[in-house]
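The residues making up each chain are set out below.
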Amino acid sequence: MLYPVYAVLFADTGLSPAEISSLFAIWSVTGFVLEVPSGVWADVFSRRWLLTLAPLLGGAGYALWTVFPSYLAFAAGFVLWGAGSALQSGTLQALVYEELSRAGASGSYARLIGRSEAASTIGQVIATGLTGPVLALGGYPLVGLASVAAPVLAAAVGWSLPESRGRSGSGSGKRQRYFDVLRSGLAEVRRTPAVRRGLLLVSVLMGVTALDEYVPLLARSTGVSATMLPLLVGVVTAGFAVGGLFAGRGMRWTGPVLAVGAGCLAAGALSGRPAGLVLVAVAYGVFQWAYAAAEARLQDHIADEARATVTSVAGLGAELVAIGMVGGYALGSVWTGPGPLFALAAVPYLLIALAMRRGEVR
């Protein structure tokens with residue numbers, strides 16, 4: 001529940017816009033630096049242990065914000081949150097795919113991951129809806145308490161996940177194993193064209209959606225009242241959820257459907273009307289569905305030994321694409337508004353669809 005109001009919490013504590021921006025930078029840098037090292041760690045040690053630890057790190061950060069609201073506590077909280085996110089990124093996908101594969105059900109991966117992403121999105125919507133009443137009832141302390149309780153429950157769920165693989169030895173043996181897995185993962189990326197194409201595809205599909213942070217600005221540009229703004233943003237969020245629910249179905253049509261999604265994004269963004277956000281929602285649903293399909297194909301080509309490592313490389317690539325998209329939006333906003341900028345974001349998706357049609361990307 002802290003997510004929709006943490007920026008307000010920072011401001012109410014007395015932080016300036018520059019200080020708040022520096023906190024976001026700390027968050028991003030932490031995730032960027034730890035993305036691949038944490039993926040290697042997941043291939044060397046127990047993935048279930050990491051999925052148990054990851055949410056607890058974020059919860060510890062929320063506790064710091066709640067009990068000691070100050071710049072240093074906020075910065076430490078973002079480091080913990082970023083570290084927890086990095087530990088989970090790549091680790092969850094690797095564990096789920098590997099266990100499904102051992103059960104002879106790897107074909108269910110895209111559908112299962114898509115549904116989990118849909119459930120995550122729905123959970124975010126519910127938490128956002130509850131934040132206002134909880135904030136009115138008990139202020140930031142009660143919102144913070146709820147935000148700490150959620151990752152504790154997530155850690156319990158993480159511990160309940162099955163894991164067939166064993167863990168390696170200790171001490172110097174583990175350190176050597178760490179570097180062996182890192183080299184193995186990077187070598188797999190270099191020597192396997194299908195893996196490289198899969199990494200590029202997943203990175204772009206995931207990274208370009210970073211513009212969803214600007215959906216409120218797109219909605220506001222249509223001239224709606226402040227009371228209608230959350231509803232339009234919620235429509236787009238629902239699009240993500242629906243796309244996740246359909247993941248794993250009709251994957252052979254990814255290219256043509258992705259082209260339709262790109263057209264919907266451009267048309268909806270350029271319409272200048274509130275109803276255009278429905279088309280934007282359809283587009284983001286398509287992108288979420290296509291991302292699940294691409295991620296499943298990538299997992300099919302990765303060896304188990306370095307699965308989390310290679311998947312984390314995709315996460316790193318997505319971060320780089322996201323930074324480029326956010327920087328491009330900031331630069332473009334000097335000359336034009338949200339509608340044309342969102343329409344331009346449709347171009348990468350259209351290029352991917354064309355590449356799929358020509359057989360350059362699968």
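Residues numbered from 1 in each chain as written. Predicted model: local features only at pLDDT ≥ 70, side-chain atom pairs only at ≥ 80, totals over all residues. Heavy atoms only, no water.

## Examining the nonpolar core
Here is step 1: Counting residues in each nonpolar core, the largest one holds 46 residues, and the members touching the most others are Leu205, Leu211, Leu258, Leu265, Tyr284, Phe287 and Phe342.
Here is step 2: Those elements that place two or more of their residues in this core are helix H8 (193-208), helix H9 (215-220), helix H10 (229-245), helix H11 (254-271), helix H12 (276-301), helix H13 (307-332), helix H14 (338-344) and helix H15 (346-357).
Here is step 3: Examining the composition of this core, we find that eleven residues originate from one element, H12, more than from any other.
Here is step 4: Other than its neighbours up to four places away in sequence, Leu265 contacts Leu279, Val280, Ala283, Tyr284, Phe287, Phe342, Ala345 and Ala346.
Here is step 5: Counting residues in each nonpolar core, the second largest holds 16 residues, with Leu9, Phe10, Leu15 and Phe74 among its members. (Core = buried A, V, L, I, M, F, W, Y, C linked by side-chain atoms within 4.5 Å. Buried < 20%, exposed > 50% of the residue type's maximum accessible area, 1.4 Å probe, protein only. Helix = DSSP H or I, 4+ residues; strand = E, 2+ residues; numbered from the N terminus. Contact = heavy atoms within 4.5 Å.)

## Section: the packing of aromatic side chains
Here is step 1: For the structure on display, the rule yields 26 aromatic pairs.
Here is step 2: Between Tyr3 and Tyr6, the aromatic rings sit 5.5 Å apart at their centres with planes inclined by 75 degrees, giving edge-to-face as the arrangement.
Here is step 3: Aromatic pair Tyr6 and Phe10: ring centres 5.6 Å apart, planes at 35 degrees, arrangement tilted. Linking Tyr6 with Phe10, this pair stays in helix H1 (residues 6-12), spanning four residues, or about one helical turn. Like Phe10, Tyr6 is buried.
Here is step 4: Here the aromatic cluster, defined as three or more aromatic residues joined through ring pairs, consists of Tyr3, Tyr6, Phe10, Trp27, Tyr62, Trp65, Phe74, Phe78 and Trp81.
Here is step 5: The ring of Trp159 carries the charged tip of Arg48 above its face, separated from the ring centre by 4.0 Å. (Phe/Tyr/Trp six-rings, centres within 6.5 Å; stacked < 30°, edge-to-face > 60°. Lys NZ or Arg CZ within 6 Å of the ring centre and 35° of its normal.)

## Notes on helix H3 (residues 47-67)
Here is step 1: With 21 residues, H3 extends 31 Å between its outermost C-alpha atoms, agreeing within 8% with the 30 Å of an ideal straight helix rising 1.5 Å per residue.
Here is step 2: All of the buried residues along H3 are Arg47, Leu50, Leu51, Thr52, Ala54, Pro55, Leu57, Gly58, Gly59, Gly61, Tyr62 and Trp65.
Here is step 3: Packed against the buried residues of H3 are H1, helix H2 (17-44), helix H4 (71-88), helix H5 (91-102), helix H6 (109-160) and H13.
Here is step 4: Its side-chain oxygen at 3.4 Å from the backbone nitrogen of Arg48, Ser46 defines the N-terminal cap of H3. (Expected span 1.5 Å × (residues − 1). Polar contact = N/O pair within 3.5 Å; in protein donor to acceptor, adjacent residues only side chain to side chain.)

## Description of the side chain of Thr52
Here is step 1: Relative to the assigned elements, Thr52 resides in helix H3.
Here is step 2: The class of Thr52 is buried, set by a relative accessible area of 13%.
Here is step 3: Setting aside residues up to four positions removed in sequence, Thr52 forms contacts with Ala155, Gly158 and Trp159.

## Quick look at the confidence of the model for the protein
Close inspection of predicted coordinates is inappropriate in any region flagged by low pLDDT.
Here is step 1: Taken residue by residue, the protein gives an average pLDDT of 86. The fraction at 70 or more is 95%.
Here is step 2: No element of the protein has a lower mean pLDDT than helix H7 (residues 172-191), which averages 75, and none a higher one than H3, which averages 95. (pLDDT = per-residue confidence, 0-100.)

## Side note on the packing of H3 against H5
Here is step 1: Relative orientation of the contacting elements H3 and H5 amounts to 140 degrees, with a least axis distance of 10 Å. Relative to H5, the element H3 lies oblique. The way H3 lies across H5 gives a crossing that is left-handed. Counting all contacts with H3, which are made through Arg47, Arg48, Leu50 and Leu51, the residues of H5 involved are Thr91, Leu92, Ala94, Leu95 and Glu98.
Here is step 2: Each residue belonging to the contact of H3 with H5 can be placed in one class, and the counts come to five nonpolar, one polar and three charged. (Axes fitted to C-alpha atoms, helices over the stretch in contact; angles between N-to-C directions. Parallel < 35°, antiparallel > 145°, perpendicular 65-115°, else oblique. Left-handed = near helix turned anticlockwise from the far one by under 90°. Nonpolar A, V, L, I, M, F, W, Y, C, P; charged D, E, K, R; others polar.)

## Regarding the environment of Leu9
Here is step 1: Of note, Leu9 is situated in helix H1.
Here is step 2: Classification of Leu9 as buried rests on a relative accessible area of 7%.
Here is step 3: When the C-alpha atoms of Leu9 and Arg357 are compared, they prove to be 48 Å apart, with 348 residues separating the residues in sequence.
Here is step 4: Setting aside residues no more than four positions away along its own chain, Leu9 makes contact with Leu2, Trp65, Phe74 and Tyr140.

## Structural notes on the pattern of salt bridges
Here is step 1: Scanning the model with the defined rule gives four salt bridges in all.
Here is step 2: A salt bridge links Arg47 to Asp43; its shortest N-O distance comes to 2.5 Å. Residue Arg47 shares its accessibility class with Asp43, and that shared class is buried.
Here is step 3: Put simply, Glu98 and Arg47 hold a salt bridge, and the shortest N to O gap is 2.6 Å. Taken together, the residues span a long stretch of sequence, with Glu98 in helix H5 and Arg47 in helix H3 at a distance of 51 residues.
Here is step 4: When salt bridges that share partners are traced, they join Asp43, Arg47, Glu98, Glu99 and Arg102 into one network. (Salt bridge = Lys/Arg side-chain N within 4 Å of Asp/Glu carboxyl O.)

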